[in-house]
Amino acid sequence: MLGARLSFDASAPKRATNVSLDSDLLEQAKALGINVSRACERGLAEQIAELRDKQWLEANREAIASSNACVEAQGLPLAKHRPY
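The structure displayed is predicted, hence computed values, not measured ones.

### Brief notes about the pattern of salt bridges
Per the counting criterion, the structure on display carries three salt bridges. Across the salt bridge formed by E41 and K14, the nearest N and O atoms sit 2.8 Å from each other. A residue pair is termed long-range when its members are at least 10 positions apart, and E41 in helix α2 (residues 36-59) and K14 in the segment before α1 (23-31) qualify at 27 residues. Notably, a salt bridge pairs R61 with E58, separated by 3.2 Å at the nearest N-O pair. The exposure class assigned to E58 is partly exposed, which follows from its relative accessible area of 49%.

### Let's talk about unusual backbone geometry
Phi is mostly negative for residues that are not glycine, and the peptide bonds are mostly trans. Despite not being glycine, L78 has its phi angle at roughly 65°, a positive value. With respect to the helices, strands and loops of the structure, L78 is situated in the segment after α3 (61-74). By relative accessible area, which is 64% here, L78 ends up exposed.

### As for the environment of I64
Within the secondary structure layout, I64 lies in helix α3. We classify I64 as partly exposed; its relative accessible area is 30%. In this view, I64 contacts W56 and L57; residues no more than four positions away in its chain are not counted.

### Let's talk about the environment of K80
One can find K80 in the segment after α3. Put simply, K80 and T17 are 63 residues apart on the chain and 57 Å apart in space, counted from C-alpha to C-alpha.

Reading the values: rules and limits
Residues numbered from 1 in each chain as written. Predicted model: local features only at pLDDT ≥ 70, side-chain atom pairs only at ≥ 80, totals over all residues. Heavy atoms only, no water. Salt bridge = Lys/Arg side-chain N within 4 Å of Asp/Glu carboxyl O. Helix = DSSP H or I, 4+ residues; strand = E, 2+ residues; numbered from the N terminus. Buried < 20%, exposed > 50% of the residue type's maximum accessible area, 1.4 Å probe, protein only. Contact = heavy atoms within 4.5 Å.

Honestly, that's just the spatial picture; any functional story needs more than this.
Right under this line is the structure:
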C-alpha cells in the first residue's frame, strides 16, 4: 500500500505484557531460535502501519478520486515532456 512503514521508537523502554500465543507456533519459534518478543513487536508494528495506511486512504478518498478524475479528463500534467 503506502509502503508498510514500520516506524516506532526502537529505543523506547520495553514493558512486560501478557500475550497468549498458539502453542504450536511458540514451540516452532523456540525450536528455530526466534526471538518471540521481537517477532511479536514486528508483527504489531506491521499491523499498526497497515491500519494507518487504510485510515489515510479512507480520509483522503475524495481527494484521490478527484485527482484521478482530473488525470482521466486532462491527462497527466507534463506528459508532453516525457521521453517515452
